[in-house]
Every structure is written in structure tokens, then in C-alpha cells.
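Structural overview for review
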Amino acid sequence: MLTDASAPYHQRSIQKQTQQRTQGPAIGKTYFVRSRNATMMKTVAVARWCTAIVLLFFLATTSRPIQGRKLRQLGTHLPRGGALLDGVSTALEQIMSNSTTMQDSSIPTPRKKNRFILFRIFRRKKRQTPARLKLKKKKNQTATIFTLKMNEKLEEARRTFLDRMAAVSFTLINQERDAIVVNNDTFFQLDGDDDDITPQSDLSLPNRSIFVVTTAALPWRTGTAVNPLLRAAYLSRKMKEINIHTNATSSDRMVTLVIPWLELEEDRLELYGNNHNFSTSQEQEDYIRDWLRGANMNEEADLDNGLRILFYPARYHSGLKSIFAMGDICATIRNQTEGSCLSDAVCVLEEPEHLNWYRCPGEGWTKVFGFVVGIVHTNYVEYASGQFHGLWTAPAIQVMSSAMIRAYCHKVIKLSGVLQTYAPEKECCENVHGVREDFIEEGRRRALAASSLNRTNSASSALNEEVEGQVYFIGKILWAKGFELMLQLQEFYYECTGKYFAIDVYGSGPEEGEIKRAFHGRKNSGKVDSDGGESDSDSEDTLFQENLRKLKSIEVPKSLYEWRRKPIPANFCGPVDHSLLGKYKTFVNPSTSEVLCTTTFEALAMGKFVIIPVHESNKFFLQFPNCLGYRNKWEFAANLRWALTHEPEPLTPELAEEFTWEAATDRLIRSSAITRREAKERYNLGKAKLDERIAYFHRELGKHDTLRRVLGGGPVSYQVKYELERQGLDQDYSEKFLSSSFVRAIKSSFISTNHQSEAA
């Protein structure tokens, strides 16, 4: 049934609802679809209108008048209407020319109108009355006058600043010395050969002041304490000979030894013991001079005319087992040598990387001294690799050591090729060590005895192999010194001959107990002594304490060698002076961790057989006839049997000369020299700027003690705080800054500027 159009509205709605119920959902669906389509059509229409309005606004706001030239170009590309476009462009050009002639030439080009049309519609225009125009003109004139005055003042200040900075730069340039090994005055001379030695690096020149700086001092018997002391003493003797030979006179002592003074009493007790607990640095200096007199160097030990000794404050780092300086060493040297010019002096840094790891920020060594030579003693990378944290500490130490040596040394001398590469253009490998005269005298005595008895190297009786007391080792009792390799060699020798070779071990160390047990076995290493026989008291407290003491005495095995059943005939005899061991014939040292083993050098000087592995650290020793090098266990067994059944070659005068400190001093002078050719090659490489940047970066990082604490500085972390307290300053700047070349240059430039202004 269809709805009646003439019926009232409410009746029609009721009829439509009834129709939808009777006819089903199809009619209702059609109704809703139609209504939805109508809504979509309305929406599309509105969107079209909106789009049209937006386009109109866009065209109205972005339209630009087309220049006549562009219109002509456009008309040339059109097939029709070109004449019409030419006319339009001509009219536009006339209109634009007329409008531009009406404008004042002093008025700048009007700014572009705002693109948004609403801003132009609702913007209010102010009426440009004559009063407003006059006020605006007055303001513009006032601003112009003020701007001109300010520009004049700024220009005058800029000229004054540039003049003063030029004066400061000129003063600094005059005061600054070239830190690299090249300058026009010294090296690029018109006459001379490229093989000539540069005067800056020539240690054989007369009246040359030399400072030997090291990280240890006697009575600590270590290589960095004994060798630098002897080097300084023999350099002092050498400088006197050079001055006498060249008829040069000098009132000052030419060589100075700079060593650490442990300020804290607990550090001196820990390192030197109760027997050498010095209360002042003068007492330690007297001990060192007495030691020199015992080494037959009375002239160098003289207080007035001999070697000069300076001390710098230091602390002992028990964790790193090393001594580090507190404060600036260069400032200490300058304060204690007032009146002497350091710009032409030579500085020999023993272990330069060690001296600069935690150094106080200050002027670099190459800025203070004219020539700096670094002698590298220790393979710190090898020691760090042997620790559990060596995976990350060894590369860090390698990079840091290379940076320190590159930044603060002109020349680097490595004692052997086992060390890392620090600065390829600066370094060389040379043994600049010697031995004391006591060892050479023992070698001469053995050679004289051999010649008097007419002994030869023919094979002797096999009974000589059974004699004990022929083989020995001397050094620190540490696993790092090759004791594990020695145990392996003992086992192989036992497999070959059916017996161990007897050896006497001299020295001491923190690992001595476990190394003894490795040689003797746990059962044969000795039992813990008891307090006496059986006690008459049967109390439970006594039994408990005894059992507790026995439990504490049990030590955990540190190696599998401790479970051996048959002990090795090794006698641990404690520390002793090596020069007193003249009765032995063969020295065995399987260690490869040293850079240059001093005890091996001393044994060769005493005319003994030395059995060492063929290694880069032993390359210097292999040239001597009594040095028996081995590459494997078979060669070791053969060399040992040869040494036990033969006599060493007598020490000749030529060989004896190689062991002396005089020869070592000559090697030092020769290795430190830089030729003009090498100086030119360095200059062409351009690495000097890199070295200066490293030194600057290291100095800036060192101005904060936090970084030293993070890097494990421990008791030597507070370098800046220590320096300020030593100078009695609480402010941020110190007297070192006030006396720096930069401040002096500023002061001198201001003084010169004032004088010039007064004169004008």
C-alpha cells in the first residue's frame, strides 16, 4: 500500500513506518542508500567550492607582474599573439618607468608586500602627516649619528686590540724557541754536508749542560736507580774530558742527576726499609755519594766539584709498585738552578712515558730544554698483558706511552727491539748501558788465571758435569722472570740425561714461596715448625688452637709442579751482590720479559757462559763468544752440557771495552745525534705540529685531578691541588701562570705601548 500524499504529515509518517514493516528490509535499505548518496553529493559540491576559493586566493596572493623582457621571451615561443604580448609588455614598461621616476632616489626599494591577503585587507594605514614625517626624519637622523659614533669607537677599539695583540705575538715569537729539531739558524746552513750532526743534538760539544731525570733512587736497587746514576757519573767524567780537550773552561758542574725524594715516611719505610729511613734528602744524597765512592768514582762523588744531585717531591704508588712525581719537575729544576740557562741544555729522560703519565700540568720538556732524549727501559705492555686485565689495559698503555714519548722527546733510544714502536722518525735501538768496573775486573782475573794455567776449550772429564755449584740464576723471584720455562727445561733435561741439573737461585720476591714449592714439591719443601713437643696439657682450647694453626698453615697449590715427587736440586740463597758470585761458571736466564737484562750483561763481563734464548731482547748479547743462545729445548740441553764440560773464552781487552760505561756513554752520544738529513726528513714529514697538539691536549686534561683518579693515580692524583698548596695559592691561577711567557708578553707589550703613547 502506497502512502497518500494528501494525508496529514503524522498520518504519512505512520503509513511509511507501516509500509516498511510490511514490505520488509529491502525498501528501508533503499531509503538509507539514497539519503547517504545525497549527503555525499552535497559534500563533494562543498569541497569543490572550497577548492575553487582556495585557488582564487592563491592566485590573488602569489601573482607577480611579468617583466617586459620575460613577456617578449614568452611571446617568441607562442605561435599566435606575439604582437599582442609585445604591446602589453611595452605598456607595462612605460608604467613601471613612470612610477620609478616619481619615487625619491634616496628612499630604498619598498619591501615586498605580505603574501597573505587577509593581512592586506585588515591592515590599518597610518596617515603620513607632516608632523609625523618630521618626527620620523629626526629619529632617523639621531639614529644615524649614534650609529656613526659607535662605529668610530668600535673601529678605534678594534685597531687598538689588533695593535696590542700584534705586540704580544711579536714578543712571544721572540721569546719562543723552536721545539722541533729544525730551524734556519742551526740546521739549514749553506755550508756543510747532510751527514753533519746538528749542534742541537750534539752532546759532545763543550760546556753542554746535561740533566738526567729518572724515576727511582738508591737505596732502592732497581735498574732505573742504578743505571741512571752511573750514566750521570760517567757523563760528568766525559764532559770534563771534552772541556779539557777543547780548552773550554766552565765554573759550573755540567751534569745534574734529578731523582725523587719520597716525602712521606711510610713510603720510605715500605721501599727502603728501616735501615735506610732517611729523615732528609741530604742524608739520602750522602748515601748515594758513598755508594759512588765504593764504585771507585771518588771524583764524581765529590760534593763541590763532582756530580750535582737534585731532588723532586714524589710519592710511592704501592699498587703500581712505582714512584711518581708530585708537582712540576721542570719548575723544580728551574727553581733550583737559578741563573743557568736551560734553553741550550740537554735533558735525558729515563723512562719518559713513566715520568709523564701522571705529571702535573706545566710547560713541556721540549719547551724548557733545548734537546730532550728519552731512554725506554721497561716493556710495560708485556707486564700489563700478563695480568688478568691486560686485554684492555695493554692497548691503552701502548697508546698512552706512544703519545707521551712523541710529545716530550726529540730523540728516543730503545734498549732493544722488543719494545713497541713509539715514533718511527725519532727512535733507534741501542744498548746505552754498561756494567760496573767490579764485574770487568772479575772477567780480567778469570782471563789471567786461564792464561797462566794454559787452559783450552778441549773436552774435559765427564766428572765436571757432576760438580755442583756451576749453574746459577740471579734476579727477582717472580714467575714473570721465566721460572716456569726453567721448570720445563729441567724436565726436558731430565728426560735426556736421567737427572736434573743443579742450580743456585739468588734473589727475593713476593712469589718466592710458591716457586720454591714448584722446584722442591710440597712434601719436600719443609714442614711448618711446631712450637715444641707434646704438651702436658690436654685442654680442649689448646687442641683447638693447634688445629686452627695447622689449617691456616695449609697453602693452596699455585701450580701443578708442586705435586712433584722428585725434587729439583735448586738452592734458594736470597739476595746478594752479583759481583760476589765469581765462583760460578754458567749463568742460565730463560726470561724473555726484560728489555735488556742487566744480570746477563754482568755475567758476560765476568767471563762466564751465558745460556739465554734467541730473542729480540737478547740480540745485543749474542755477539759475544761466551753467549750460548738456544731456539728450542734440544739446543738448551746441548748448550748446557757444553758449558758444564768446557771452560769459557777468556775476556779480551776489546771485549772488555764493550762492557764499560765509557763505551756506553759513547754509544749514547752517537745514538742521540741527529744529522741534517734526518732533520730535513722530519721537517718534511710535518709531525712536529702533531707532537705539539698532543702535549697541549695532555696539559689541558691534566688541569683536573678527576681524570687522574679515574685512571688509577691513587696517591699521585691530586697534582693540581698539591701544586697550589705548595705555592700557597687558593685562587684558580698560580704563580706559574703569572710568570708564564704569555703574561710576560702582555705586560711587556702594554709597557711598550704606554712608552710610545707618552713619546707621541
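Going by the structure above, here's the rest.
Residues numbered from 1 in each chain as written. Predicted model: local features only at pLDDT ≥ 70, side-chain atom pairs only at ≥ 80, totals over all residues. Heavy atoms only, no water.

1. Things to note about the overall build of the chain
What the chain contains, in helices and strands, is 28 helices and 14 strands. Within the chain, the proportion of its 760 residues that are buried is 40%. Restricting the contact set of the chain to residue pairs at least 6 apart, pairs at least 24 apart contribute 72%. Surface exposure of the chain reaches about 45300 Å², of which carbon and sulfur atoms provide 56%. (Helix = DSSP H or I, 4+ residues; strand = E, 2+ residues; numbered from the N terminus. Buried < 20%, exposed > 50% of the residue type's maximum accessible area, 1.4 Å probe, protein only. Contact = heavy atoms within 4.5 Å. Areas by Shrake-Rupley, 256 points an atom, 1.4 Å probe, with all protein chains shown as cover.)

2. Some points on helix α9 (residues 281-294)
Spanning 14 residues, α9 covers 20 Å between terminal C-alpha atoms, matching the ideal 20 Å at 1.5 Å per step. If you check which residues of α9 are buried, you get Gln284, Glu285, Ile288, Arg289, Trp291 and Leu292. Down the axis of α9, the sector holding all buried residues measures 155 degrees, keeping them to one side. Looking at the buried positions of α9, the neighbouring elements they touch are α7 (223-245), β2 (255-262), α8 (265-272) and β3 (308-317). In the stretch just after α9, Asn296 is the one whose phi turns positive, near 60 degrees. (Expected span 1.5 Å × (residues − 1). Arc of directions from axis to C-beta.)

3. Focus: the sheet that holds strand β11 (residues 570-574)
The pairing of strands in a sheet comes from backbone hydrogen bonds and takes either a parallel or an antiparallel form. In space, the six strands of this open sheet follow the order β11-β10-β9-β12-β13-β14, with parallel pairing throughout. The sheet is open, and its two borders are formed by β11 and β14 (627-630), each paired with just one other strand. The mean inter-strand angle of the sheet, taken between neighbouring strand axes irrespective of direction, is 25 degrees. For strand β13 (residues 609-613) and β14, the ladder comprises four bridges, and the chain directions are parallel. Bridge pairing in β14 links Val610 to Cys627. Along the sheet, helix α16 (residues 483-497) makes contact with β9 (471-474), β10 (503-506), β12 (586-588) and β14, crossing β10 at roughly 175 degrees. Relative to β13, helix α19 (residues 598-605) is tilted by about 150 degrees, and along the sheet it contacts β9, β12, β13 and β14. (Pairing = 2+ DSSP bridges. Axes fitted to C-alpha atoms, helices over the stretch in contact; angles between N-to-C directions.)

4. Considering the packing of aromatic side chains
Applying the stated criterion across every chain, the model contains 27 aromatic pairs. Seen from their ring centres, Tyr234 and Trp661 are 6.2 Å apart, and the 15 degrees between their planes marks the pair as stacked. Placement of Tyr234 in helix α7 and of Trp661 in helix α22 (residues 661-672) is noted, with a sequence separation of 427 residues between them. Since its relative accessible area comes to 7%, Tyr234 is described here as buried. Ring centres 5.7 Å apart and planes at 40 degrees place the aromatic pair Phe601 and Phe621 in the tilted group. In this pair, Phe601 is assigned in helix α19 and Phe621 in the loop between β13 and β14, connecting sequence segments 20 residues apart. Of the two residues, Phe601 and Phe621, neither departs from the other in class, the shared state being buried. An aromatic cluster is defined as three or more aromatic residues linked by ring pairs; in this entry it consists of Tyr472, Phe473, Phe483, Tyr506, Phe519, Phe572, Tyr584 and Phe587. Looking at Arg359, its charged tip hangs above the ring of Tyr408, at a distance of 5.1 Å from the centre. (Phe/Tyr/Trp six-rings, centres within 6.5 Å; stacked < 30°, edge-to-face > 60°. Lys NZ or Arg CZ within 6 Å of the ring centre and 35° of its normal.)

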